[in-house]
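# Geometric and topological summary
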Amino acid sequence: MPEYEASALDAVIARRVAARHTPQMYPARYYFLNASEVSRIARRPIDPPAPKRYLGFDRITQSLRHIAIAVNMTMRARFDIDPLEVQASVFGGRLHIASNFHAGRIREALHLALTDDALMSGAPRRPAREDIRNWDAMVMSRRVRDIAKLRHHYVDGRGLAGMRAAARAEVTAGIGRPSEGALPVDSTLRQLDDAFDTLSRVLQDAARAASTFDDLVVHTPMQDGTPKLPLLPDGVTQTMHAEQCIESAIAQHAAPWHCEAVARLDLPADALIVVPMAGRFVPCAACAEVEAQSRTQGGLFDPANGKFVLHRSSQRIGMAFANEVQHIAQSTLASTPELAARRAQVIAERFVDAPQSLRAYGQPVVPDYSLDTESESSGDES
Ligand SMILES: [Zn+2]
């Protein structure tokens, strides 16, 4: 582990937990860990779990995952850039996409993913049996299948009616319902239908030569007013992770976006709006910590607020990252800026001083990849 050269900024980083004063008066918190500090967050390595079936509302989550994979893969294959992670959500008639890096290329990547057939010929549809241990071939082949499913269902419209009917039947039967049944079935079904409609509309638009991307919202890290550190030591990056970018934007537009979402579906003013979230990876240790806090104590996704609930199809927690300044989506943590700043401080201090108190501590982790796995038998075909 190289030690960083001394500089003015290193003094800031050396404090590990730090705050930048924002125009809003309350400081924005971030933290930083080196590799040996990350290794203090003890985990239980496990093999990738068996493929799972995505049922009910999770069928939406699965499509979001495929969108994230499509954007991620296209950025690497066509632009030679690495977003590291892409996450997507759909609610209120809009598709939201964010990436840790290179968010400015998301629209272009989505368009190519849905239209460029050369992307699909770069890998076999299915790995040969002897290649099953070849991770790269398997992952590549799976990604191509994921993109093919997106085109098939949403751009060509084939099999979508059947998939929607299956999802409705499952939700009605109590299977794959978001937020442990906190929402009435009728409200869940309306939101489910609206999510399928929105994905169809946005992806069909994205596939056109003259896409308008009207209902696609792209989120760029650190454009929510969180101040960036002006200078970083060599080898150190800074970002707010993709899901936290989307969640931070929701927090900052909570009242109007919630109003729009309930109005378009003719739901009561205090109806809970489901925010499904998925990417290629399960949330990392930092995002899992922030999301868990945002679900309670008046945070953005506390059902007691009568506004939004966060829906993920997996409870698993991914890795923690070293040598990356982690900016925290502070506005998701509480209803007042003062309390939010205090809770962000607590999270930052856990990572630096009390790893044993983190949600990720002692939890199983899939080493290296931490893929939110699935397979072609995962039940999304109708
Ligand atoms: Zn993360």
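Attention here is on the structure that accompanies the text. Computed from a predicted structure; not experimentally measured. (Residues numbered from 1 in each chain as written. Predicted model: local features only at pLDDT ≥ 70, side-chain atom pairs only at ≥ 80, totals over all residues. Heavy atoms only, no water.)

Quick look at the coordination of the zinc ion now. Every protein donor of the zinc ion is listed here as His-241 (ND1), Cys-284 (SG) and Cys-287 (SG), and their distances to the metal cover 2.0 to 2.3 Å. Each donor residue of the zinc ion lies on one chain, and together they are spaced H-x42-C-x2-C. Here Cys-287 lies in helix α10 (residues 285-294) and His-241 lies in the loop between β7 (237-239) and α8 (242-252), a separation of 46 residues in the sequence. The same class applies to His-241 as to Cys-287, namely buried. (Donors = N, O, S within 2.8 Å, 3.2 Å for Na, K, Ca; no water. Helix = DSSP H or I, 4+ residues; strand = E, 2+ residues; numbered from the N terminus. Buried < 20%, exposed > 50% of the residue type's maximum accessible area, 1.4 Å probe, protein only.)

Further remarks concern the side chain of Thr-226. Along the chain, Thr-226 turns up in the loop between β6 (216-219) and β7. With relative accessibility at 12%, the residue Thr-226 sits in the buried group.

A word on the pattern of salt bridges. Tallying each qualifying case throughout the model produces 19 salt bridges. A single network of salt bridges, built from pairs that share partners, joins Arg-164, Arg-168, Asp-193 and Asp-197. (Salt bridge = Lys/Arg side-chain N within 4 Å of Asp/Glu carboxyl O.)

Attention now goes to the sheet that holds strand β5 (residues 94-99). In sheet architecture, strand pairing relies on hydrogen bonds along the backbone and comes in two forms, parallel and antiparallel. What the 5 strands build is an open sheet, ordered β6-β5-β4-β8-β9; its pairing is mixed. A single partner strand is all that each edge strand has here, and the edge strands are β6 and β9 (308-311). Across the sheet, the mean angle separating the axes of adjacent strands is 20° when strand polarity is ignored. Its contacts with the sheet put α8 on β4 (86-91), β5, β6, β8 (273-279) and β9, and the angle it makes with β4 is roughly 35°. (Pairing = 2+ DSSP bridges. Axes fitted to C-alpha atoms, helices over the stretch in contact; angles between N-to-C directions. Contact = heavy atoms within 4.5 Å.)

Below, the discussion takes up helix α3 (residues 58-79). Counted at 1.5 Å a residue, the expected span for α3 with its 22 residues is 32 Å, and the 31 Å between its end C-alpha atoms agrees. The buried fraction of α3 amounts to 19 of the 22 residues, a majority that puts the element mostly inside the structure. Positioned one or two residues after α3, Asp-80 has a phi angle of 60°, which is positive. (Expected span 1.5 Å × (residues − 1).)

A separate point is helix α7 (residues 185-207). The end-to-end C-alpha separation of α7 is 33 Å, in line with the 33 Å expected for 23 residues at 1.5 Å each. The element α7 is largely enclosed, with a buried count of 17 among its 23 residues.

Let us now look at the packing of helix α6 (residues 160-172) against α7. It is at 10 Å that the axes of α6 and α7 come closest, and there the two elements cross at 160°. When the interaxial angle is binned, α6 and α7 end up roughly antiparallel. Between α6 and α7 lies a crossing of right-handed hand. Seen from α6, the contacting residues are Leu-160, Met-163, Arg-164, Ala-167, Arg-168, Val-171 and Thr-172; seen from α7, they are Val-185, Thr-188, Leu-189, Leu-192, Asp-193, Phe-196, Asp-197 and Ser-200. (Parallel < 35°, antiparallel > 145°, perpendicular 65-115°, else oblique. Left-handed = near helix turned anticlockwise from the far one by under 90°.)

What follows is about the packing of aromatic side chains. Applying the stated criterion to the full structure yields 3 aromatic pairs. An angle of 10° between the planes, with centres 4.4 Å apart, marks the rings of Tyr-31 and Phe-351 as stacked. Of this pair, Tyr-31 sits in strand β2 (residues 28-31) while Phe-351 is found in helix α11 (residues 337-353), placing the two residues 320 residues apart along the sequence. Overall, Phe-351 belongs to the buried group, its relative accessible area being 1%. (Phe/Tyr/Trp six-rings, centres within 6.5 Å; stacked < 30°, edge-to-face > 60°.)

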